[in-house]
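Architecture and fold: a report
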Amino acid sequence: MTVGNSRALAHPNIAFIKYWGNKDPQLRIPANGSISMNLAGLHTQTQVTFEATLPSDHVVINDRRVTGPAYERVNALLDRVRKISGRDEFARVISQNNFPTAAGIASSASAFAALSLAATAAAGLELDQADLSRLARTGSGSACRSVPGGYVEWQPGDSHESSYAFSIAAPEHWALTDCIAVVSRTHKPVGSSAGHDLADTSPFQASRVSDAPRRLEICRQAIRQKDFEALAKIVELDSNLMHAVMMTSSPALLYWQPATLEIIHAVQAWRKSGKPVCYTIDAGPNVHVLCPSEFAEEIKEELNHIKGVEMILSAEPGGPAGLLEP
Ligand code: DP6
């Protein structure tokens, strides 16, 4: 018997100022604040149905039944929703991404944002955006930034209540394109959750974190003023700082492939020659190449010529997580 059924869509996001390391790993209270842009065109769609006859939660992601740690994560979020709503039925979850999973494009962000919205709606709850962001954060930190639309800031906070994300500019505010150069579609050897736990083993993490408010302010200003040159500098610095922490953790995390570095050098050369373009890299080998949208075709064409680039995805600023017809 079906007792509640909802479907939601959310976009992944690319962080301009990165989340890396937690003050509280259980609640995912981050070591520092972060800023990102939602990625239109890329999405996760998730359907949640609470069914009185199910013996346990049933989770299908990209047409595959999920068990193990991925299942536990979804089950933990559904437990939270059951607790808030007072429901006790198990749920059937069917989730589909339209982009490659676990290749440095944060699928957990769109996945947990869509799951949080679909599950709460199916349970009969109507959370406001901040509460939905808090809930999504407990599933995957960066998911809290996929709840609001456009350009988004995650206020780190120091408690469940104070740690959530909000929009700092609408998608229409600034037409930027993220040209994602996919150099590998394989699963990453160490996922973000395990990576966050290693951040404090790097001697560089403390200075990366203590300098974060300064970088956040520069990034906010650059977005507000649509100053691409300022954005480019702070985005590349922040990505390099995070990768410096990753590379100097124990054990060391080295996500880059040879093609990753090829693209970094190419982007630097293009910017030197006057093109407004910059790079940022998450916990994987793919390179997110950002530019004002009017340069996107030209940049994608250039990226296509780089050896090792398997495919290019591109996305402009995306909207908030939203409900669909079930
Ligand atoms: C490198 O949000 O994927 O993409 O909370 O463990 O799911 P979990 O981690 P996750 O971490 C994202 C790390 C990053 C940087 C960022 O998106 O800010």
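Computed from a predicted model, the values in this text were never measured in an experiment. (Residues numbered from 1 in each chain as written. Predicted model: local features only at pLDDT ≥ 70, side-chain atom pairs only at ≥ 80, totals over all residues. Heavy atoms only, no water.)

What follows deals with unusual backbone geometry. With an omega of -5°, the peptide bond running from serine 250 to proline 251 counts as cis. A positive phi angle is found at arginine 28, which is not glycine, with a value near 55°. Note on placement: arginine 28 falls in the loop between strand 3 (22–24) and strand 4 (29–30). (Helix = DSSP H or I, 4+ residues; strand = E, 2+ residues; numbered from the N terminus.)

With that settled, consider the sheet that holds strand 12 (residues 176–182). Spatially, the 4 strands line up as an open sheet ordered 13-14-12-15, and their pairing is antiparallel. Unpaired on one side and paired on the other, strand 13 (278–280) and strand 15 (311–315) mark the two borders of the sheet. Across the sheet, the mean angle separating the axes of adjacent strands is 25° when strand polarity is ignored. Pairing of strand 13 with strand 14 (residues 287–292) involves 3 bridges; the strand directions are antiparallel. Considered in strand 14, the bridge of cysteine 278 is made with leucine 290. Helix-sheet contacts for helix 8 (residues 258–272) involve strand 12, strand 13 and strand 14, and the interaxial angle to strand 13 is about 150°. (Pairing = 2+ DSSP bridges. Axes fitted to C-alpha atoms, helices over the stretch in contact; angles between N-to-C directions. Contact = heavy atoms within 4.5 Å.)

What the domain assignment lists for the chain is domain 1 (2–173) and domain 2 (176–315). With centres defined by C-alpha atoms, the gap from domain 1 to domain 2 works out at 23 Å. Counting from both sides, the interface comprises 33 residues of domain 1 and, opposite them, 47 residues of domain 2. Summed over both sides, the interface between domain 1 and domain 2 buries roughly 3,200 Å², with carbon and sulfur atoms accounting for 67% of that surface. (Domains from an automatic or database assignment. Buried area = accessible area lost by both parts, 1.4 Å probe.)

Strands sit in the order 2-5-10-11 across an open sheet of 4 strands; the sheet is antiparallel. Among the strands making up the open sheet, the edge pair consists of strand 2 (13–17) and strand 11 (164–169). Averaged over neighbouring strand pairs, the angle between their axes works out to 35° when direction is ignored. The sheet contact formed by strand 5 (residues 34–38) and strand 10 (residues 151–155) spans 4 bridges and is antiparallel. Across the sheet, the residue bridging to isoleucine 35 is glutamate 153, located in strand 10.

Within this structure, the stated rule accounts for 16 salt bridges. A salt bridge links aspartate 57 to arginine 82, with the nearest nitrogen and oxygen atoms 2.7 Å apart. Taken as a pair, aspartate 57 in the loop between strand 6 (44–51) and strand 7 (58–61) and arginine 82 in helix 1 (residues 68–85) lie far apart in primary sequence, 25 residues in all. Overlapping salt bridges bring together Asp211, Arg214, Arg215 and Asp238 as one network. (Salt bridge = Lys/Arg side-chain N within 4 Å of Asp/Glu carboxyl O.)

Scanning all chains against the criterion turns up 4 aromatic pairs. Ring geometry for phenylalanine 16 versus tyrosine 151: centroids 6.4 Å apart, planes at 55°, classification tilted. Here phenylalanine 16 is found in strand 2, whereas its partner tyrosine 151 is found in strand 10, with 135 residues between them in sequence. Here phenylalanine 16 matches tyrosine 151 in class, with each residue buried. Ring geometry for tryptophan 174 against phenylalanine 228: centres 6.4 Å apart, planes inclined by 75°, an arrangement best described as edge-to-face. With tryptophan 174 in the loop between strand 11 and strand 12 and phenylalanine 228 in helix 7 (residues 228–247), this pair connects stretches of sequence that are 54 residues apart. Phenylalanine 228 matches tryptophan 174 in its accessibility class, with the two residues each being buried. (Phe/Tyr/Trp six-rings, centres within 6.5 Å; stacked < 30°, edge-to-face > 60°. Buried < 20%, exposed > 50% of the residue type's maximum accessible area, 1.4 Å probe, protein only.)

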